[in-house]
Amino acid sequence: MVGLVGTQGVYKDQYGFGIDVGGTNLVVGCFINGRMVSKKSVPTDRSDGGMHIFDQLEEIVTLIMEEENISKDDVFGLGIGVPGAVLNRFIVNRCINLGWGVVDVRDEMEKRIKIRTVVGNDGNLAALGEAHYGAGSQYSSVCMVTLGTGIGGGIVINGRVVDGAFGGAGEIGHIRVNDDEDEVCGCGLKGCAEQYASATGVMRLAKKAGIDQKYPTVKDIYDAAKSGEKDALEVVDYAGYMLGKMMASISDVIDPEGFVIGGGVSQAGEIVIEKARESFMKNVFHASRDAKMALAKLGNDAGIYGGYVLAADSDII
């Protein structure tokens, strides 16, 4: 893996902030040399089109700096992750979960706090965090797969996150894996991977199989599958098949050295990787069969680690 920026790079011994702006909570982490020294979280104020979010962030960052006795001269930057497409590292191109339309996040923050600010998609920053400080740190190229309500993701090659021309890179949950699907995905298409392998997708499969009353949560389904319950195993097998098929498609395009699997569904453990790998091996191009798979290590902190890395990597500003 490339050397960790901010630990051995141009911002050694300086502070940086990684920020995860979610629809429910704002999480702010303060780092120095790759070590988190403070973290705070508050509920997200989405009123008035989400514009109070910037005041909240200013307040939290300022509070941490006061508590840690940090001056602005000691801070090289803020890296902010948002649940939406981001253009040119600073413009958010619509973010429904926050109430934002097209917003220049860099300008909004820098005019308040006078600290250099860069912005990225939250899934991409989670991938960046895992690639530098988590389960993907031993790989030169990583695809992060986040199995939550939907399926998010991010691609990191040679330590750099891939945004895409329009900010849409890493939307891996909408890779089509089933041409025969009749139900519509939340994106408006049909047969997307997240209709099967996300938490919502697994419960949808359970409902179609008539076992959602018997196993009312994703955890219940995976626990039953681990115990050998046939009906739960069938759901888990199918979800894993679709997940592995999606990952094979990713490998056929970017050929990553490793996949890191996170999100709520991944808490079921190795069974998620086992089922995905079986399908992956059946569907991937032969040259990519040695790709590694690992469970994420940073949990909900992956995004703030990734924000710190984004801010520290001065070459991409």
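Bear in mind the structure is a predicted one, so any value in this text is a computation, not a measurement. (Residues numbered from 1 in each chain as written. Predicted model: local features only at pLDDT ≥ 70, side-chain atom pairs only at ≥ 80, totals over all residues. Heavy atoms only, no water.)

Trainee: Would you mind showing me how to read the sheet that holds strand E12 (residues 258–262) here?
Mentor: Strand pairing in a sheet relies on backbone hydrogen bonds, with the paired strands running either antiparallel or parallel. The mixed open sheet is built from 5 strands, whose spatial order is E11-E10-E9-E12-E13. Where the open sheet ends on each side, the last strands, each with one partner, are strand E11 (160–161) and strand E13 (292–295). Note that strand E9 (residues 141–147) and E12 share 5 bridges and pair parallel. Bridge pairing in E12 places Met144 opposite Val260. Against the sheet, helix H3 (residues 122–133) engages E9, strand E10 (151–157), E11 and E12, with an angle of about 50° to E10. Docked against the sheet, helix H8 (residues 270–283) engages E9, E12 and E13, running at close to 160° with respect to E13. (Pairing = 2+ DSSP bridges. Helix = DSSP H or I, 4+ residues; strand = E, 2+ residues; numbered from the N terminus. Contact = heavy atoms within 4.5 Å. Axes fitted to C-alpha atoms, helices over the stretch in contact; angles between N-to-C directions.)

Trainee: What's the story with the pattern of salt bridges in this structure? I'm lost.
Mentor: Two side chains that carry opposite charge are able to pair once their charged atoms sit near each other. In this structure the tally under the stated criterion is 13 salt bridges. In this structure, Lys111 engages Glu108 in a salt bridge whose closest nitrogen and oxygen atoms are separated by 3.5 Å. Note that Lys111 and Glu108 are positioned in helix H2 (residues 105–113) at a spacing of 3 residues, about one turn of the helix. One salt bridge connects Asp223 with Lys219, and the closest N-O pair in it is separated by 2.7 Å. Placement of both Asp223 and Lys219 in helix H6 (residues 218–226) is noted, with a separation of 4 residues, approximately one turn of the helix. Asp223 gets classed as partly exposed once you look at its relative accessible area, which sits at 30%. (Salt bridge = Lys/Arg side-chain N within 4 Å of Asp/Glu carboxyl O. Buried < 20%, exposed > 50% of the residue type's maximum accessible area, 1.4 Å probe, protein only.)

Trainee: What's the story with the packing of H6 against helix H7 (residues 230–254) in this structure? I'm lost.
Mentor: Two measures define how a pair of helices packs: the angle their axes make with one another and the distance between the axes. Contact geometry of H6 with H7 gives a least axis separation of 8 Å together with a crossing angle of 105°. The angle between the axes of H6 and H7 places the two elements in the roughly perpendicular class. Contact with H6, carried on its side by Ile221, Tyr222, Ala224 and Ala225, involves Ala232, Leu233, Val235, Val236 and Ala239 of H7 and no other residues of that element. (Parallel < 35°, antiparallel > 145°, perpendicular 65-115°, else oblique.)

Trainee: Would you explain the side chain of Asp212 in this entry?
Mentor: Residue placement: Asp212 occurs in the loop between helix H5 (199–208) and H6. Setting aside residues up to four positions removed in sequence, Asp212 forms contacts with Met203, Ala206 and Lys207.

Trainee: Which parts of the structure should I look at to understand the nonpolar core?
Mentor: The tendency in soluble globular proteins is for nonpolar side chains to be buried side by side. Core analysis: the biggest nonpolar cluster contains 41 residues, and Val145, Tyr222, Leu243, Met246, Met247, Phe259 and Val272 have the highest contact counts within it. Counting only elements with at least two residues in this core, the list comes to E9, helix H4 (194–197), H5, H6, H7, E12 and H8. Considering each element in turn, this core owes the most residues, 10 residues, to H7. In this structure Met246 touches Val145, Ile151, Ile172, Gly173, Ile175, Val177 and Ala193, once residues within four positions along its chain are discounted. If you look at the next biggest cluster of nonpolar residues, it comprises 31 residues, including Ile32, Leu78, Cys95 and Ile115. (Core = buried A, V, L, I, M, F, W, Y, C linked by side-chain atoms within 4.5 Å.)

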